[in-house]
Amino acid sequence: MPLPDPRRSRIVLVGASDYTDPDLPDLPAVRDTVTDLAKVFTDPDHGIVPEENCAVLLNDGDLLRVGRQLRHAATTAEDLLLVYFAGHGLVGGRRHDLYLALPYSEYEAPEFNSVEYDKLRATVLNSRATTKIIVLDCCFSGRAVNDTMAGARDTINQLQVAGTYVLASAPHDQVALSPPNEKHTAFSGRLIRLLREGIVGGPEELTVVELYRRLAADMRAENLPVPRNRGTENADQTALGLNRAFATTAAIALRKLREEAESQALEGDWTGAAEALRSVLDEQTRILGPDDEDTLLSRRALAHCLGGAGDPEEAARLLSPLPEAYAQLLGREHAQTLHTRQFLAVNLGEAGRRAEAITVLRILLADRSRVLGGEHEDTLRTRHMLARNLALTGHREEAAALFRQLIAERDRVLGPDHPHTVRARADLAALERSGQRV
């Protein structure tokens with residue numbers, strides 16, 4: 001499911017960490033929780049709304065102002081409306097209704113100085129937003145635990161909003177809400193971590209239901225109260241962010257597919273390998289980006305396969321921007337950067353653009369000699385390729401001199417019977433026989 005439209009979505013984050021009523025202990029972790037959750041939701045690269053569409057009401061005790069912000073978000077949201085609260089949850093009145101405590105709320109009489117959940121629910125329900133989500137991270141004590149949150153079925157039905165999704169933490173006491181030595185509340189801290197780090201092996205987008213499943217599993221494993229949820233009309237399929245761990249998982253799978261395509265090419269099926277690599281490359285470009293190292297490898301492999309399939313001109317076109325892309329990513333003297341320049345030269349030559357190939361190879365030979373040494377296998381390969389292109393363009397004397405130097409070095413490094421040495425001797429012999437092609 002696609003991410004919500006950031007321009008047509010609204011988020012309201014309400015939190016109270018400081019209380020004037022001595023019967024309501026302060027909740028220091030709420031301050032960092034609300035602040036960091038706002039950063040996650042408005043992150044320029046991974047968030048779901050811009051800052052102006054995310055209202056943060058931290059320790060705001062003005063009930064009128066809080067209500068106005070909630071109504072404004074509800075009336076302007078068209079795609080996603082998400083309302084979040086962290087703080088004390090209270091019960092009041094003969095019906096034991098749920099109230100969300102603000103800094104000046106009173107434990108014994110929350111009716112006139114707290115956000116009445118039924119009013120919040122009605123405000124959200126009346127919004128024209130396609131998807132409506134309420135997240136409650138409340139701790140309760142004494143009667144509030146027993147009357148409001150202990151009975152999972154009755155409570156969650158009370159919180160349900162038609163056509164929306166409600167996610168409620170279910171701590172039994174203050175320690176469960178704000179564990180010692182943790183920066184965030186237990187429930188929201190783990191939600192923030194999932195949004196920041198992602199889920200390894202999870203889907204590309206973190207939907208509400210996926211987040212709930214992982215939250216429930218993590219909190220159960222840590223012996224923390226398990227959150228409760230209720231949703232209708234596929235609201236739980238709403239994505240609250242991209243899975244930041246998905247790229248790592250996908251990269252491994254796509255790398256394997258690239259390697260399989262390269263093996264296919266080695267078996268002689270250049271066209272089939274190229275088709276497979278196009279599919280891999282499309283996914284890598286979308287998920288990893290066009291200049292990720294894995295994407296660059298696939299771009300180069302695709303060009304190589306196209307050259308092998310008989311289209312060196314197209315291969316050269318695809319290879320032309322890659323040396324600079326590798327240089328920017330890995331450095332100009334990195335082996336992959338130098339290797340890509342060799343690929344480019346080969347296909348330029350095969351496309352009949354020998355003069356361009358010779359220019360590339362002359363500079364590459366100097367760079368490889370300096371970086372790798374004159375007798376390195378890659379340096380010798382470049383010298384061989386330069387000599388061949390020079391011979392094919394009529395520069396016989398220079399080509400012969402390079403072949404003789406190449407043979408002497410390969411004799412010394414690889415031995416006289418090595419296939420590369422034998423090939424260099426054969427190319428020199430062909431050059432020396434009445435101008436035959438090498």
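For the structure itself, look to the data block above.
Residues numbered from 1 in each chain as written. Predicted model: local features only at pLDDT ≥ 70, side-chain atom pairs only at ≥ 80, totals over all residues. Heavy atoms only, no water.

**Student:** Please give an account of helix α1 (residues 28-41) that cites residues and values.
**Tutor:** Among all positions in α1, only Ala29, Val30, Thr33, Val34, Asp36, Leu37, Ala38, Val40 and Phe41 are buried. Of the surrounding elements, those touching the buried residues of α1 are β1 (10-15), β2 (54-58), β3 (80-92), α7 (186-197) and β10 (239-242). (Buried < 20%, exposed > 50% of the residue type's maximum accessible area, 1.4 Å probe, protein only. Helix = DSSP H or I, 4+ residues; strand = E, 2+ residues; numbered from the N terminus. Contact = heavy atoms within 4.5 Å.)

**Student:** How would you sum up helix α15 (residues 354-372)? Please name residues and give values.
**Tutor:** With 19 residues, α15 should reach 27 Å at 1.5 Å per residue; the first-to-last C-alpha distance of 25 Å fits that figure. When α15 is considered as a whole, its buried residues turn out to be Arg354, Ala357, Ile358, Leu361, Leu364, Leu365, Asp367 and Arg368. Summarising the contacts, the buried residues of α15 are in contact with α14 (335-350) and α16 (377-392). One or two positions beyond α15, positive phi appears at Gly373, with a value near 105°. (Expected span 1.5 Å × (residues − 1).)

**Student:** Quick one: what's the story with the layout of surface pockets, residue by residue and with numbers?
**Tutor:** By volume, the largest pocket amounts to about 620 Å³. Lining the largest pocket are 22 residues, and of these Gln342, Val346, Arg381, Met385 and Arg388 lie nearest its centre. Only α11 (293-308), α14, α15, α16 and α18 (419-432) provide two or more residues apiece to the lining of the largest pocket. The biggest single contributor to the lining of the largest pocket is α16, with seven residues. Its residues placed into classes, the lining of the largest pocket shows five nonpolar, nine polar and eight charged. Computed from the structure, the second largest pocket encloses a volume of approximately 260 Å³. Along the walls of the second largest pocket sit 14 residues, with Leu63, Gly67, Arg71, Val115 and Lys119 positioned nearest its centre. A per-element tally of the lining of the second largest pocket places helix α2 (residues 63-76) first, with six residues. (1 Å grid on protein atoms, 1.4 Å probe; cavity = no way out; pocket = protein on both sides within 12 Å on 5 of 7 lines; lining within 4 Å. Points joined across faces, edges and corners; volume = space filled by probe spheres on them. Nonpolar A, V, L, I, M, F, W, Y, C, P; charged D, E, K, R; others polar.)

**Student:** Lay out the nonpolar core in plain terms, naming residues and giving numbers.
**Tutor:** Judged by nonpolar contacts, the single largest core of 43 residues is most densely connected at Leu13, Leu195 and Leu240. Setting aside residues up to four positions removed in sequence, Leu13 forms contacts with Val34, Leu37, Ala38, Phe41, Cys54, Ala55, Val56, Leu57 and Tyr84. Counting residues in each nonpolar core, the second largest holds 25 residues, with Val12, Val115, Cys138 and Ala168 among its members. (Core = buried A, V, L, I, M, F, W, Y, C linked by side-chain atoms within 4.5 Å.)

**Student:** An account of unusual backbone geometry is needed here, citing residue identities and associated values.
**Tutor:** For residues besides glycine, phi is generally negative; the peptide bonds are generally trans as well. Not every positive phi belongs to a glycine, and Asn59 is a case in point at roughly 55°. For Asn59, the location among the structural elements is in the loop between β2 and α2. Despite not being glycine, Asn223 shows a phi value in the positive range, around 60°. With respect to the helices, strands and loops of the structure, Asn223 is situated in the loop between α8 (208-221) and β9 (228-231).

**Student:** Requested: an account of the environment of Leu167, with residues and values cited.
**Tutor:** Among the structural elements, Leu167 can be located in strand β7 (residues 164-168). Not counting chain neighbours up to four residues away, the residues in contact with Leu167 comprise Ile134, Val135, Leu136, Phe187, Tyr212, Leu215, Pro227, Arg228 and Asn229.

**Student:** Which residues make up the pattern of salt bridges, and what values go with them?
**Tutor:** In the structure shown here, the tally under the stated rule is 35 salt bridges. Between Arg412 and Glu375 there is a salt bridge; the shortest N-O distance is 2.5 Å. Taken as a pair, Arg412 in helix α17 (residues 396-413) and Glu375 in the loop between α15 and α16 lie far apart in primary sequence, 37 residues in all. On the accessibility criterion, Arg412 (53% relative accessible area) is exposed. With a closest N to O distance of 3.1 Å, Glu432 and Arg404 form a salt bridge. Taken together, the positions of Glu432 in helix α18 and Arg404 in helix α17 put the pair 28 residues apart, joining distant regions of the chain. Taking relative accessible area as the criterion, Glu432 reaches 47% and is therefore assigned partly exposed. Each of Asp5, Arg7, Arg8, Glu78 and Arg128 takes part in salt bridges that share partners, so that together they form one network. (Salt bridge = Lys/Arg side-chain N within 4 Å of Asp/Glu carboxyl O.)

**Student:** Please give an account of empty space enclosed by the protein that cites residues and values.
**Tutor:** Within the structure shown, the criterion is met by five cavities of 30 Å³ or more. When its volume is computed, the largest cavity comes out at roughly 100 Å³. Listed by contribution, the elements that provide at least two residues to the lining of the largest cavity are α1, β3, β6 (131-139) and α8. Its residues assigned to classes, the lining of the largest cavity comprises eleven nonpolar, no polar and no charged. Forming the boundary of the second largest cavity are Val14, Leu70, Val83, Tyr84, Phe85, Leu100, Val115 and Leu120. Ranked by residues supplied to the lining of the second largest cavity, first place goes to β3 with three residues.

**Student:** Give a description of the pairing of β2 that names residues and reports values.
**Tutor:** As judged from the five bridges shared by β1 and β2, these two strands associate in the parallel manner. By the bridge assignment, Gly15 is partnered in β2 with Leu58. Handedness of the β-α-β unit built from β1, α1 and β2 comes out right-handed. (Pairing = 2+ DSSP bridges. Right-handed = clockwise from strand over helix to strand, strands pointing away.)

**Student:** Talk me through the pairing of strand β4 (residues 97-101); I want residue IDs and the actual numbers.
**Tutor:** Residues in a regular strand point their side chains to alternate faces of the sheet. Within β4, five of the five residues are buried, leaving the element largely enclosed by the surrounding structure. What you see with β4 is no split at all: Asp97, Tyr99 and Ala101 on one side and Leu98 and Leu100 on the other are buried throughout. Of the strand pairs in this sheet, β3 and β4 are connected by four bridges, and their pairing is antiparallel. Looking at the pairing, Val91 lines up with Leu98 of β4. Sheet topology note: the β4/strand β5 (residues 114-116) ladder contains three bridges and is antiparallel. Of the residues in β5, the one forming a bridge with Leu100 is Val115.

Distances and angles like these do not, on their own, reveal function.
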